[in-house]
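Commentary on secondary and tertiary structure
One letter stands for each residue in the lines below.
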Amino acid sequence: MARFFPLTVTEIRPETRDAVAITLTPAEADREAFRYVQGQYLTFRKEIDGEELRRSYSICTGVDDNTLRIGVKRVQGGAFSNWANTELKPGDVVEAMPPAGEFNAPIEPESDRNYLMFAGGSGITPVLGLIRTLLLREPRSRITLVYANRSVNTIMFREELEDLKNIHLGRLAILHVLENDTQDLDLFTGRVDGAKIKRLFNGWIDPQSVDMAFICGPEPMMLAIAEALRENGIDNSRIKFELFKTALRRNGKAAASVVEDDGPKVELTITLDGTTRSLQMPRKGVSVLEAALASDMDAPWSCRAGVCSTCRAKVLEGEFELEANYALEDYEIEQGYVLTCQCHPLGDKLVVDYDQH
Ligand SMILES: Cc1cc2nc3c(=O)[nH]c(=O)nc-3n(C[C@H](O)[C@H](O)[C@H](O)COP(=O)(O)OP(=O)(O)OC[C@H]3O[C@@H](n4cnc5c(N)ncnc54)[C@H](O)[C@@H]3O)c2cc1C
């Protein structure tokens, strides 16, 4: 089964000095595969210096835009983001997997909801996709966006957000918090941490009126916001997270060599693309994904850090532990879904199905 599809770059627009918005067009035959839900991401593959990289980028357009666009912010020393910012050009063809991710809430056209969204830096991309969609699909709902950046010239999609605010008067409020730039009110200068959020909740945002919160940004900011929301009675079922990065990322080649170890083994049965295979994997030190890849199975993957959900599969039998999970929700865990890059067997046998979505 073709997991990756070609996408033609039809426009590259500088957003800030360090970020670009890239518009992509699938081939006519693949249009259906690239229909997306607001807040989803695409996983790209690219060979750089002989190594296959996979990186995910969130879709920043809304479901009614009839456009597929991502925003890529350059990370210092980052392989893919620098390539995308400096070398990629209109007319080039890139390879991506169909949209994935659960950073959304089902649309309720008749409802009158208050959304609170927090974005830090490039974390605005999926949030912008949510905003663009909700403003059209839920005409009675309102959104407050708290958007944290280093300084005014690093704000991605600044004009687009202003335009949306003006078009949908009274339905979109935007509070910019800038780490380095002084603003009229000191509340809007500095980092978005626990203290700042408490102050925002004391006068600017009424947490009691929030129906649903979305957070995408650096991990410490996300944790501080989630804690403040919980303290104000907004439980996890009403908070959605999207994390872009953790300190963990395992190297594919190193993992493959671990699979050659001679220690005790576990029987791993994997169903992928309609085919079931059994293999032996080491009891310790190797994830289900690494074992599958080392056996030349074309299992899906991207971040290898428990952050995205590209490698999600369902465990049908056997005990396991998840080393990290920043992507799956409690209900998915209860149904037996795992991130195979973080899944390690605990017993003698593990049965995993990648085909159950
Ligand atoms: C679900 C998901 C959605 C994402 N959406 C977007 C998006 O819309 N826009 C976007 O710009 N990025 C997004 N990312 C992050 C993106 O996938 C890459 O991790 C990022 O662009 C860095 O890749 P790189 O190859 O340039 O850097 P690498 O070569 O992987 O890393 C180079 C150095 O940068 C550090 N680093 C890696 N990622 C980050 C980061 N995000 N911030 C700061 N430092 C980092 C690494 O620790 C390393 O030291 C998303 C990630 C996930 C998991």
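Residues numbered from 1 in each chain as written. Predicted model: local features only at pLDDT ≥ 70, side-chain atom pairs only at ≥ 80, totals over all residues. Heavy atoms only, no water.

A few points about the pairing of strand 4 (residues 51–58)
Spelled out, the test is: Strands are treated as partners if at least two bridges between them are detected by DSSP. Secondary structure elements follow DSSP: runs of H or I no shorter than four residues count as helices, runs of E no shorter than two count as strands, and numbering proceeds from the N terminus.
The pairing of strand 3 (residues 41–48) with strand 4 spans 8 bridges and is classified as antiparallel. Looking at strand 4, one finds that T43 is bridged to S56.

Comments concerning the nonpolar core
Selection criterion: Buried residues of nine kinds, namely Ala, Val, Leu, Ile, Met, Phe, Trp, Tyr and Cys, make up a nonpolar core once their side-chain atoms join them within 4.5 Å. Throughout this description, buried means an accessible area under 20% of the type-specific maximum (1.4 Å probe, protein chains only), exposed means over 50%, and partly exposed covers the range between. Either an automatic procedure or a domain database provided the assignment from which the domain bounds are taken. Residue contacts are defined here by distance: any two heavy atoms, one from each residue, within 4.5 Å place the two residues in contact.
Core analysis: the largest hydrophobic core is formed by 31 residues, its most contacted members being L116, V146, I215, I225 and L229. Sorting the residues of this core by element identifies strand 7 (114–120), strand 8 (142–149), strand 9 (172–178), helix 4 (194–201), strand 10 (212–216) and helix 5 (219–231) as the ones contributing at least two each. In terms of residues, this core owes the most to one element, helix 5, which gives 7 residues. Residue-level mapping places this core at the junction of two domains, with at least three residues from each of domain 2 (114–242) and domain 3 (252–353). Not counting residues within four places of it along the chain, the set of residues in contact with I225 comprises F118, V192, I197 and I215. If you look at the next biggest cluster of nonpolar residues, it comprises 29 residues, including F103, L178, F214 and C216.

Here's the deal with the environment of S295
Structurally, S295 can be placed in the loop between helix 7 (288–294) and strand 14 (312–317). Taking C-alpha positions, S295 is 9.5 Å from M281, a pair spaced 14 residues apart along the chain. Not counting residues within four places of it along the chain, the set of residues in contact with S295 comprises R277 and L279.

A look at the domain arrangement of the protein
Heads up, the rule is: Buried surface area refers to the total accessible area, computed with a probe of radius 1.4 Å, that the two partners give up upon joining, counted for both partners together.
Domain annotation of the protein identifies domain 1 (5–96), domain 2 (114–242) and domain 3 (252–353). Inter-centroid distance (C-alpha atoms) of domain 1 to domain 2 is 24 Å. Contacts between the two partners involve 19 residues from domain 1 and, on the opposite side, 19 residues from domain 2. A combined buried area of about 1,500 Å² lies between domain 1 and domain 2, and 57% of that area is made up of carbon and sulfur atoms.

Brief notes about unusual backbone geometry
Non-glycine residue D273 carries a positive phi angle of around 50°. Topologically, D273 is positioned in the loop between strand 12 (265–272) and strand 13 (275–282). Take D273: its relative accessible area is 30%, and that puts it in the partly exposed class. The backbone phi angle of D296 is positive, close to 60°, even though this residue is not glycine.

Description of the sheet that holds strand 2 (residues 19–26)
For the record, the criterion: Axis definition: a line fit to C-alpha positions, over the contact stretch in the case of helices; interaxial angles, taken between N-to-C directions, run 0 to 180 degrees.
Strand order in the open sheet made by the 6 strands is 4-3-6-1-2-5, with antiparallel pairing throughout. Of all the strands in the sheet, the pair left with one neighbour each is strand 4 and strand 5 (68–73). Neighbouring strand axes in the sheet, compared pairwise and without regard to direction, differ in orientation by 45° on average. Across the sheet, helix 1 (residues 79–86) touches strand 2, strand 3, strand 4, strand 5 and strand 6 (93–96), and the angle it forms with strand 3 is around 90°.

With respect to the pairing of strand 6
On strand 6, burial follows the alternation: V94 and A96 on one face are buried, whereas V93 and E95 on the facing-out side are not. In terms of strand pairing, strand 1 (residues 5–16) meets strand 6 through 4 bridges, oriented antiparallel. Residue L7 lies in a different strand from strand 6, and its bridge partner there is V94. Bridge count for strand 3 against strand 6 is 2 bridges, and the pairing is antiparallel. Paired with F44 across the strands is A96, a residue of strand 6.

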